[in-house]
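Examining the three-dimensional arrangement
Below, each chain spelled out in residue letters.
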Amino acid sequence: MNVDIGNALGSVASPGISRAALEHLDEQVADAHERIERGMANGEHGYEALNLPERTDPDKIRAAVEPVADCDALVTVGIGGSALGAATIVDALEERGDGTETVFLDNVDPEWVTAHLEALPLEATAINVVSRSGTTAETLANFLVVREAFESAGVDWTERTIVTTGESGPLRDLVDRHDLPSLTVPDGVPGRYAALSAVGLVAAAVCGHDLEAILEGAAAERETLSGSLFDCPAYAYGATAYALDQRGAGTNAMVPYAESLETYAEWFAQLWAESLGKDDLGQTPVRALGVTDQHSQLQLYRAGPRDKLVTFVRPLEAPDREIPATEVDDLSYLGDATLGELLDAEFEATEASLAAASRPNVRIELECVDADEIGSLLYGMEAACVLAGELYGVDTFEQPAVEWAKKATRGLLGGGEFEEANAVTEKTTLRVDH
Ligand SMILES: O=P(O)(O)OC[C@H]1O[C@](O)(CO)[C@@H](O)[C@@H]1O
């Protein structure tokens, strides 16, 4: 990935960061890089994720999925980091896959789950269950529902289930009890940083994607990590986003200009929110899509509060399609172009429109959307986030604030005594009913 932070400089944007301030910040980046390299060298929790391009074994993943490699559909049961990385890869590379239908059950909306299960050819569907902790209620509940659906259809789920989880926990117990093919979430790798491990790559393997290319793209990005943001695209992005937040850009709108990258924006939102949202700090990620959200969000981005960074992701090469000639003179400018040219023109125009309104924006460029570039983007944004976490001085790799609601949920369902559940029933109410 290449990063252009020109439109975030103070000479263009407000809030913006001056060249001098960027060079000053680079001293902190050098210290942060030292910390990151040390964490990687020692395999420390979290930092270990940045070693995955070397650590992940594609042969082991392919061997585990071999029993179901010929399935027509794959249902992945997982949530958060146990779904978004895999979904980002298979959605980005969908046009390059072997046509396997993929469904990600990362919600417990009964109507939605039922509709998916009823639409799947269960006799030709494989099940990919992913949970680092092995205790996540949504994932276990959905797995029990999926399992029952297969049994009701007379399909042996044990023959077509792969599990990726930790060394222990309820899911590991199920693996042992039913002797299911399984892979282990690598130690020291938080879920949202696990896309380049079995967590993100099992689904990609089942869909026939080139795991080596994904890891090579990531490894190439790893090679760019250095003590200066002026030599490392990932650090340039992380440092600039951090610096703009310090200057008031508390929201980061992630706007890929490719439908195939829409899920990537969801993945980024978890990475950025769950890693940096601590101690009353953090930059709020917003998911948008180019060109579609030019017609819904751009007004705000260009003329609303000066509290946003807009991050564009642009693949330079992409398949194209002619716009047919038209008999309407006023539309001849379209008839002479292609959809890709229209997309590019809109990207350039939108980026320039923000600069013209002195609104900070950053461009992330990919050569195209392929396995190599997806590996590079995932790794680059992970490294950018780890760097930003160092600059914020937060614990980038934990997410303690999510536990309260999990305890309350468990208490409400009779899964134990939790004071959090009591607080739910003591809600302050001021209802306005129609
Ligand atoms: O992989 P697990 O343990 O099921 O967790 C799923 C997700 O839930 C979280 O723990 C948040 O609740 C995320 O950090 C994680 O990616």
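Residues numbered from 1 in each chain as written. Predicted model: local features only at pLDDT ≥ 70, side-chain atom pairs only at ≥ 80, totals over all residues. Heavy atoms only, no water.

Identification of the protein chain as Probable glucose-6-phosphate isomerase from Salinadaptatus halalkaliphilus is taken from an unreviewed UniProt entry. Taken verbatim from the UniProt record of the protein chain, the Sequence similarities (unreviewed entry) comment is "Belongs to the GPI family." Of the protein chain, the UniProt comment under Catalytic activity (unreviewed entry) reads exactly: "alpha-D-glucose 6-phosphate = beta-D-fructose 6-phosphate". (UniProt positions renumbered as here; feature names shortened; annotations may be inferred.)

Moving on, we come to the packing of aromatic side chains. Counted according to the given criterion, the structure contains 11 aromatic pairs. Plain terms: the ring middles of Tyr237 and Trp272 are 5.8 Å apart, the flat faces sit at 50° to each other, and that makes the pair tilted. Residue Tyr237 is located in helix α10 (residues 233-246), and its partner Trp272 is located in helix α11 (residues 262-276); the two are separated by 35 residues in the primary sequence. Using a relative accessible area of 1% as the deciding quantity, one classes Trp272 as buried. A centroid spacing of 5.1 Å and a plane angle of 80° characterise the contact between Tyr257 and Phe347, whose relative ring orientation is edge-to-face. Within this pair, whereas Tyr257 is found in the loop between β7 (251-256) and α11, its partner Phe347 is found in helix α14 (residues 339-356), the two being separated by 90 residues in sequence. One exposure class covers both Tyr257 and Phe347, and it is buried. (Phe/Tyr/Trp six-rings, centres within 6.5 Å; stacked < 30°, edge-to-face > 60°. Helix = DSSP H or I, 4+ residues; strand = E, 2+ residues; numbered from the N terminus. Buried < 20%, exposed > 50% of the residue type's maximum accessible area, 1.4 Å probe, protein only.)

As for its position among the elements, Thr76 is in strand β2 (residues 73-77). Polar contacts involving the side chain of Thr76 include one to the side chain of Asn128, which spans 3.1 Å. In this structure Thr76 touches Ser82, Val103, Phe104, Leu105, Asn128, Val130 and Ala203, once residues within four positions along its chain are discounted. (Polar contact = N/O pair within 3.5 Å; in protein donor to acceptor, adjacent residues only side chain to side chain. Contact = heavy atoms within 4.5 Å.)

Around the ligand there are 14 residues in total, and Ser82, Ser131, Ser133, Thr136 and Glu274 lie nearest to it. One of the side-chain N or O atoms of Ser82 is found 2.6 Å from an oxygen atom in the ligand. For the ligand, whose unbound accessible area comes to 390 Å², protein coverage reaches 87%. A per-class count over the shell around the ligand returns 2 nonpolar, 8 polar and 4 charged. (Near = heavy atom within 4 Å. Areas by Shrake-Rupley, 256 points an atom, 1.4 Å probe, with all protein chains shown as cover. Nonpolar A, V, L, I, M, F, W, Y, C, P; charged D, E, K, R; others polar.)

As a further point, take the pattern of salt bridges. The full count for this structure, using the stated rule, is 15 salt bridges. When the shortest N-O distance is used, the salt bridge between Glu23 and Arg19 registers 3.0 Å. Note that Glu23 and Arg19 are positioned in helix α1 (residues 19-41) at a spacing of 4 residues, about one turn of the helix. The partner of Asp59 in a salt bridge is Arg62, and the shortest N-O contact between them spans 2.7 Å. Here Arg62 and Asp59 lie together in helix α3 (residues 58-65), a separation of 3 residues that amounts to about one turn. For Arg62, a relative accessible area of 32% gives the class partly exposed. (Salt bridge = Lys/Arg side-chain N within 4 Å of Asp/Glu carboxyl O.)

Another point: a negative patch on the surface. On the surface, Glu66, Asp70, Asp72, Glu101 and Glu123 cluster together into a patch of negative charge. Looking at the secondary structure, you find Glu66 in the loop between α3 and β2. Judged by its relative accessible area of 54%, Glu66 is exposed. (Patch = residues over 30% accessible without salt bridge, like charges linked within 9 Å, V, L, I, M, F, W, Y side chains within 5 Å. Lys, Arg positive; Asp, Glu negative; His and termini not counted. Charge placed at Lys NZ, Arg CZ, Asp CG, Glu CD.)

The next subject is the sheet that holds strand β6 (residues 182-184). Ordered by their spatial adjacency, 5 strands build an open sheet running β3-β2-β4-β5-β6, and the pairing between neighbours is parallel. Bordering the open sheet on either side are β3 (101-105) and β6, each of which pairs with just one other strand. Across the sheet, the mean angle from the axis of one strand to that of its neighbour is 15°, orientation sign disregarded. One ladder, built from 5 bridges, connects strand β4 (residues 125-131) with strand β5 (residues 161-165); its direction is parallel. Considered in β5, the bridge of Val129 is made with Val163. Strands β2, β3, β4, β5 and β6 of the sheet are contacted by helix α8 (residues 198-206), whose axis makes an angle of about 160° with β5. (Pairing = 2+ DSSP bridges. Axes fitted to C-alpha atoms, helices over the stretch in contact; angles between N-to-C directions.)

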